[in-house]
Amino acid sequence: NVYDWRRENVNTLIKGLGEIIRTKNESKDVKCAFGISPAARWAPTVQACSSEPYRGAEGGMSGSCNNYYSYSDLYANTKKWVEEEWIDYILPQAYTFLSNTYRDIVDWWTDVVKNTSVRLYAGTSLGSLEEWGSTSTLEISHQIRYNNATQNAVEGYSLFSYKNLVNGLGEKGIKNVK
């Protein structure tokens, strides 16, 4: 079908880029890591999408069929890229509260990277700080602590974006983040 055809074209691109980068890395003193920062959610379960089966996938994530997924909305089979080790790292855009779906996202990706050489980094949007309210800096602290928990494979944490880091923390500015 057209959805699988689109995903396969993207797969071909990612696999090819990974091969090119690894070949270049063999002949250079400076190495380049190849990674992807996809939507946090890979795909819904097949059961969640019984009315739209083309959106779901075996091994999908819990949740509604109507969430935004890299597999069905971007035609990016990011789980496959990790399993096939076509990329060096994955940095899902987990732009949500720890108490909302952040834990589910990090735990799911932890299982995916297990037994692969692919590194898992977690990403948080600083642009969401104002949206999150006055506890936003605590939220980031809690996410970092959760990522450091022994059951998770998270090896790094990314704050997006620099513009928000410098300018986006409200009137108090970055100097007041603890």
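**Concerning the overall build of the protein chain**
Scanning the protein chain for helices and strands turns up seven helices and four strands. Expressed as a percentage of its 178 residues, the buried residues of the protein chain come to 42%. Summarising the internal contacts of the protein chain: among those between residues at least 6 apart in sequence, 66% fall at separations of at least 24. For the protein chain, the accessible surface area stands at approximately 10300 Å², while carbon and sulfur atoms represent 51% of it.

**Details of the state of the cysteines**
Counted according to the given criterion, the structure contains one disulfide. In this model, C49 is linked to C65 through a disulfide, with the two sulfur atoms separated by 2.1 Å. When the S-S torsion is 115 degrees, as for the bridge of C49 with C65, the disulfide is right-handed. Of the two residues, C49 is situated in the loop between strand 1 (35-36) and helix 2 (70-73) and C65 in the loop between strand 1 and helix 2; the sequence distance between them amounts to 16 residues. Look at C49 and you get buried, because its relative accessible area is 0%. Judged by its relative accessible area of 7%, C65 is buried.

**Points about the pairing of strand 3 (residues 119-125)**
Counting buried positions along strand 3 yields five of seven residues, so the element is predominantly enclosed. Here strand 2 (residues 89-90) runs beside strand 3; their pairing, made up of two bridges, is parallel. Its bridge partner being in strand 3, Y89 is matched across the sheet by R119. Following the chain from strand 2 across helix 4 (residues 98-113) to the adjacent parallel strand 3, one finds a crossover that is right-handed. As defined by bridge partners, strand 3 adjoins strand 4 (residues 154-160) across six bridges and the pair is classed as parallel. Across the sheet, residue G123 finds its bridge partner in strand 4, namely S158.

**Concerning the packing of aromatic side chains**
In the structure shown here, the tally under the stated rule is seven aromatic pairs. Taken together, a centroid distance of 5.7 Å and an interplanar angle of 15 degrees make the contact between W42 and W108 stacked. You can see W42 sitting in the loop between strand 1 and helix 2 and its partner W108 sitting in helix 4, a full 66 residues away along the chain. Exposure remark for W42: the relative accessible area of 4% places this residue in the buried category. Relative accessible area serves as the criterion here: at 14%, W108 is assigned to the buried category.

**A short note on the side chain of T124**
Within the element layout of this structure, T124 appears in strand 3. Side-chain polar atoms of T124 contact the side chain of Q143, separated by 2.4 Å. Engagement of the side chain of T124 in a polar contact is seen with the side chain of Y157, the distance being 2.7 Å. Every residue in contact with T124, bar those within four places of it in the chain, is listed here: A94, Y95, Y102, W132, Q143, Y157, S158, L159 and F160.

**So, the sheet that holds strand 4**
Judged by pairing direction, the sheet is parallel, and its four strands sit side by side in the order 1-2-3-4 without closing on themselves. Where the open sheet ends on each side, the last strands, each with one partner, are strand 1 and strand 4. Strand direction decides the pairing type here: strand 1 and strand 2, joined by two bridges, are parallel. For I36, the partnering residue across the bridge sits in strand 2 and is I90. Along the sheet, helix 4 makes contact with strand 2, strand 3 and strand 4, crossing strand 3 at roughly 160 degrees.

The rules behind these values
Residues numbered from 1 in each chain as written. Predicted model: local features only at pLDDT ≥ 70, side-chain atom pairs only at ≥ 80, totals over all residues. Heavy atoms only, no water. Helix = DSSP H or I, 4+ residues; strand = E, 2+ residues; numbered from the N terminus. Buried < 20%, exposed > 50% of the residue type's maximum accessible area, 1.4 Å probe, protein only. Contact = heavy atoms within 4.5 Å. Areas by Shrake-Rupley, 256 points an atom, 1.4 Å probe, with all protein chains shown as cover. Disulfide = S-S within 2.5 Å. Pairing = 2+ DSSP bridges. Right-handed = clockwise from strand over helix to strand, strands pointing away. Phe/Tyr/Trp six-rings, centres within 6.5 Å; stacked < 30°, edge-to-face > 60°. Polar contact = N/O pair within 3.5 Å; in protein donor to acceptor, adjacent residues only side chain to side chain. Axes fitted to C-alpha atoms, helices over the stretch in contact; angles between N-to-C directions.

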